Amino acid sequence: MDYGHELQFGVFASPDASRVHETLELAQLADVVGLDLFTVQDHPYNAKHLDTSTLLTAVAARTSAIRVAANVANLPLRPPVGLAKQVATLDIISGGRAELGLGTGAFWDAIVAAGGERRSPKEAVDALVEAIRVIRGVWGQDPDDPGARSVTVRGEHYAVAGMHAGPFPVHRVEIWLGAYKPRMLRVTARLADGWLPSLGYADPDALAGMNTVIDEAADRAGRGPQSIRRMYNVFGQFGTGRGFLRGTADDWAEQLAELTLTEGMSTYVLGTDDPDVLRRYAAEVAPAVRDLVDAERSGRAGRAGRAGRAGGASGAEPPAAATPAPVDSSPLTVRPTPDDGTRLSASLPWREDDRPVTAKPNDAAYSPAEQAAPQHLVDVHDHLRGELAQLRDIVGQVRRGALSTGAARSVINTMAMRQNNWTLGAYCETYCRLVTGHHTLEDRSIFVHLRTAQPDLGAVIDRLEEEHHVIADVLEQVDDALVGLVGTDGYGQTGEGALEEIQRALDLLTDTLLSHLAYEERELLHPLARHGFG
């Protein structure tokens, strides 16, 4: 059965401590070539493995669009309150790019050796059910009490009594379960957003039976089979062999498309640490799978439409939508950062009096979770403003002779205000990481979502994107000035000229960036509260 889910493609990488730099580069490559997910396994007892949560945070900091997740988090060694806060923090830091793969645990001897509790199969599933309720509660997403500000769960394995909920993720984080046995499949149907089995534990011919268990349980729970995303960790090798994912890229595409159309699998996460395999997967396999599935789905829709016209209208009324549970709401408490109009440069590369604006609602009210999205935007902007102030202070110290130019360059690099690490033809690390990374995320994701959700924002978003390009040019001027500064000893006529040039470029960056951030907050706080980050 094809559940009609959007196709997604990701990578399942190793957290091997001996190759951390290669793993981070693989994540950047996956981001640039357009994959949807970057995941790593979570076995805290493995001495050769990095900590999964810390590694995913580093990945999120080096990427701009790809979502990140444990595949899957080891629940017996990840207490649910701490896991919930870790994932929420990662979601906030990354601008809504964290998800949660979750498992009951395996390798019990190793878990016990690491201080965990040995659980029977029944106990492990019971604990997972309790943990999901705790995690959703911490995120403010308890289905029995949406918007609740405290969490109380009285379970045999996890007990939380009146804990304050929060911080809230900036998007509804999905929970994916690695499940194989009937009871876990039924839990997946009732409580999870996605089913995440692995090839080898669930071969393609076993998927149909497992899907049937999920479908029947989802119907009994009143959710419907389409509510659960069907995901698949896959492993393969490009070549000319036979078998599943053992042939050419075209063979891979045909096999994966067949699984989508017959078994409903729609998210394929490839286990590999090889950048060449990843490139082929993204460039050759993923587009071909999408083309094959889109063509078949379009054909089915056309055939269904013709059949409907031949059969005539049924006159049936659509089912009434369920009434959502009430949630405490209040006027928007987040305020845009004021712009005092101070400018350090003689002129700016744009006019500030012709910016488009939209009407602001006077009576809008938002839940705490909805207010979290605009607050996150202001928090990110505050960080950008703080880093900029620190950079200006460092340059001031250099000009006063308090620091050598070499030391200033080192501190600037530590601040991540300039990272220039281009790799030929494959990927690039965004320069001026804090500013450019934020703008890239907005251009690729947030603005696209807001254009669709609120079409009258089009002119505002057009202007914000134009200003992104201008700021990128200013950032290049700052970098050119830094390069010129490092080429001198910081003293004498040449050094003074270099310092003056970096001050000029930095003043222009200050004027343009602060003006832009204030304008964006004025226009986007209410839309973000209404529509989120997407």
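My aim in this report is to walk through the structure given alongside it, one point at a time. Not measured: the values here are computed from a predicted model.

1. Here's the deal with the packing of aromatic side chains
Both the distance between ring centres and the angle between the ring planes are used here to describe each pair of aromatic rings.
Then, in step 1: In total, this model carries 7 aromatic pairs according to the counting rule given.
Then, in step 2: Consider the rings of phenylalanine 9 and tyrosine 281, whose centres lie 5.9 Å apart with planes at 75 degrees: the pair is edge-to-face. Here phenylalanine 9, found in strand β1 (residues 8–13), pairs with tyrosine 281, found in helix α9 (residues 275–311); they are 272 residues apart in sequence, far enough to count as distant.
Then, in step 3: The buried category is assigned to phenylalanine 9, whose relative accessible area is 1%.
Then, in step 4: Here the aromatic rings of tyrosine 45 and phenylalanine 107 are separated by 6.5 Å at their centres, their planes lie at 65 degrees, and the arrangement is edge-to-face. Note that tyrosine 45 is positioned in the loop between β2 (37–40) and α2 (52–62) and phenylalanine 107 in the loop between β5 (100–103) and α4 (108–113), a separation of 62 residues in sequence.

2. Side note on the environment of valine 134
Then, in step 1: Relative to the elements of secondary structure, valine 134 occurs in helix α5 (residues 121–138).
Then, in step 2: Residue valine 134 is classed as buried on the basis of its relative accessible area of 1%.
Then, in step 3: For the pair valine 134 and alanine 159, spaced 25 residues apart in the sequence, the C-alpha separation amounts to 8.5 Å.
Then, in step 4: With near-sequence residues (within four places) excluded, valine 134 lies in contact with Pro80, Val81, Val151, Val153, Tyr158 and Val160.

3. Quick notes on the nonpolar core
Then, in step 1: Formed by 86 residues in total, the largest nonpolar core has its most connected members in Phe38, Leu100, Leu102 and Tyr268.
Then, in step 2: For this core, the element with the most residues is α9, which contributes 9 residues.
Then, in step 3: In this view, phenylalanine 38 contacts Val11, Ala13, Thr23, Leu26, Ala27, Leu56, Val59, Ile66, Arg67, Val68 and Ala69; residues no more than four positions away in its chain are not counted.
Then, in step 4: Core analysis: the second largest hydrophobic core is formed by 21 residues, Ala364, Tyr519, Leu524 and Ala529 among them.

4. A word on the packing of α5 against helix α6 (residues 182–191)
The relative placement of two packed helices is expressed as an angle between their axes plus a distance between the axes.
Then, in step 1: The interhelical angle for the contact between α5 and α6, taken along N-to-C directions, is 10 degrees, at an axis separation of 11 Å. As summarised for this structure, α5 and α6 are arranged roughly parallel, according to the angle between their axes. Residue-level contacts link Lys122, Val125, Asp126, Leu128, Val129 and Ile132 of α5 to Arg183, Met184, Val187, Arg190 and Leu191 of α6.
Then, in step 2: Of the residues in the contact of α5 with α6, the class split is 7 nonpolar, no polar and 4 charged.

5. Notes on the pairing of β2
Then, in step 1: Because side chains alternate across β2, one face comprises the buried residues Leu37 and Thr39, and the other comprises Phe38 and Val40, equally buried.
Then, in step 2: In this sheet, β2 lies alongside β1 in parallel orientation, the contact comprising 4 bridges. For phenylalanine 12, the partnering residue across the bridge sits in β2 and is threonine 39.
Then, in step 3: Taken together, β1, helix α1 (residues 20–32) and β2 form a β-α-β motif whose crossover is right-handed.
Then, in step 4: Of the pairings in the sheet, the one linking β2 to strand β3 (residues 67–70) comprises 4 bridges and is parallel in character. If you follow valine 40 over to β3, its bridge partner there is alanine 70.
Then, in step 5: Regarding topology, α2 serves as the crossover connection from β2 to the parallel β3, and that connection is right-handed.

6. Focus: the pattern of salt bridges
Then, in step 1: Going through the model one piece at a time under the given rule, you end up with 29 salt bridges.
Then, in step 2: Across the pair aspartate 382 and arginine 385 runs a salt bridge, and its minimum N-O distance is 2.8 Å. Of the two residues, aspartate 382 and arginine 385 are both situated in helix α10 (residues 368–399); the distance of 3 residues between them amounts to about one turn of the helix.
Then, in step 3: Judged by relative accessible area, which is 38%, aspartate 382 ranks as partly exposed.
Then, in step 4: A relative accessible area of 16% means that arginine 385 is categorised as buried.
Then, in step 5: For glutamate 465, the salt bridge is made with arginine 451, and the minimal N-O distance between the two is 3.1 Å. Separated by 14 residues along the polypeptide, glutamate 465 in helix α13 (residues 458–486) and arginine 451 in helix α12 (residues 433–453) bring together distant segments of the chain.
Then, in step 6: The partly exposed category is assigned to glutamate 465, whose relative accessible area is 22%.

7. Focus on the sheet that holds β1
Then, in step 1: Across the sheet, 9 strands lie side by side as β3-β2-β1-β11-β10-β9-β8-β5-β4; this open sheet has parallel pairing. Here the strands that pair on one side only, and so sit at the sheet edges, are β3 and β4 (73–74).
Then, in step 2: Bridge count between strand β9 (residues 194–195) and strand β10 (residues 229–234): 2 bridges; the pairing is parallel. From the neighbouring strand, tryptophan 195 faces β10, where its bridge partner is arginine 230.

8. As for helix α8 (residues 249–263)
Then, in step 1: In this model α8 runs 21 Å from its N-terminal to its C-terminal C-alpha over 15 residues, within 8% of the 21 Å that 1.5 Å per residue would give.
Then, in step 2: Every buried residue of α8 is accounted for by Ala249, Trp252, Ala253, Leu256, Ala257, Leu259, Thr260, Leu261 and Glu263.
Then, in step 3: Glycine 264 occupies a position one or two residues after α8 and carries a positive phi of about 80 degrees.

9. Some remarks on empty space enclosed by the protein
To find the voids left in a structure, one rolls a probe of water-molecule size over its atoms.
Then, in step 1: Tallied over the full model, the rule gives 2 cavities of 30 Å³ or more.
Then, in step 2: Estimates place the volume of the second largest cavity at around 30 Å³.
Then, in step 3: Taken together, Leu377, Glu442, Ile446, Leu450, Glu520, Leu524, Leu528 and Phe533 make up the lining of the second largest cavity.
Then, in step 4: Of all the elements in the fold, those that place two or more residues in the lining of the second largest cavity are α12 and α14 (492–531).
Then, in step 5: Residues belonging to the lining of the second largest cavity are distributed by class as follows: 6 nonpolar, no polar and 2 charged.

Thresholds applied
Residues numbered from 1 in each chain as written. Predicted model: local features only at pLDDT ≥ 70, side-chain atom pairs only at ≥ 80, totals over all residues. Heavy atoms only, no water. Phe/Tyr/Trp six-rings, centres within 6.5 Å; stacked < 30°, edge-to-face > 60°. Helix = DSSP H or I, 4+ residues; strand = E, 2+ residues; numbered from the N terminus. Buried < 20%, exposed > 50% of the residue type's maximum accessible area, 1.4 Å probe, protein only. Contact = heavy atoms within 4.5 Å. Core = buried A, V, L, I, M, F, W, Y, C linked by side-chain atoms within 4.5 Å. Axes fitted to C-alpha atoms, helices over the stretch in contact; angles between N-to-C directions. Parallel < 35°, antiparallel > 145°, perpendicular 65-115°, else oblique. Nonpolar A, V, L, I, M, F, W, Y, C, P; charged D, E, K, R; others polar. Pairing = 2+ DSSP bridges. Right-handed = clockwise from strand over helix to strand, strands pointing away. Salt bridge = Lys/Arg side-chain N within 4 Å of Asp/Glu carboxyl O. Expected span 1.5 Å × (residues − 1). 1 Å grid on protein atoms, 1.4 Å probe; cavity = no way out; pocket = protein on both sides within 12 Å on 5 of 7 lines; lining within 4 Å. Points joined across faces, edges and corners; volume = space filled by probe spheres on them.

What is shown is where atoms sit, not what they do.
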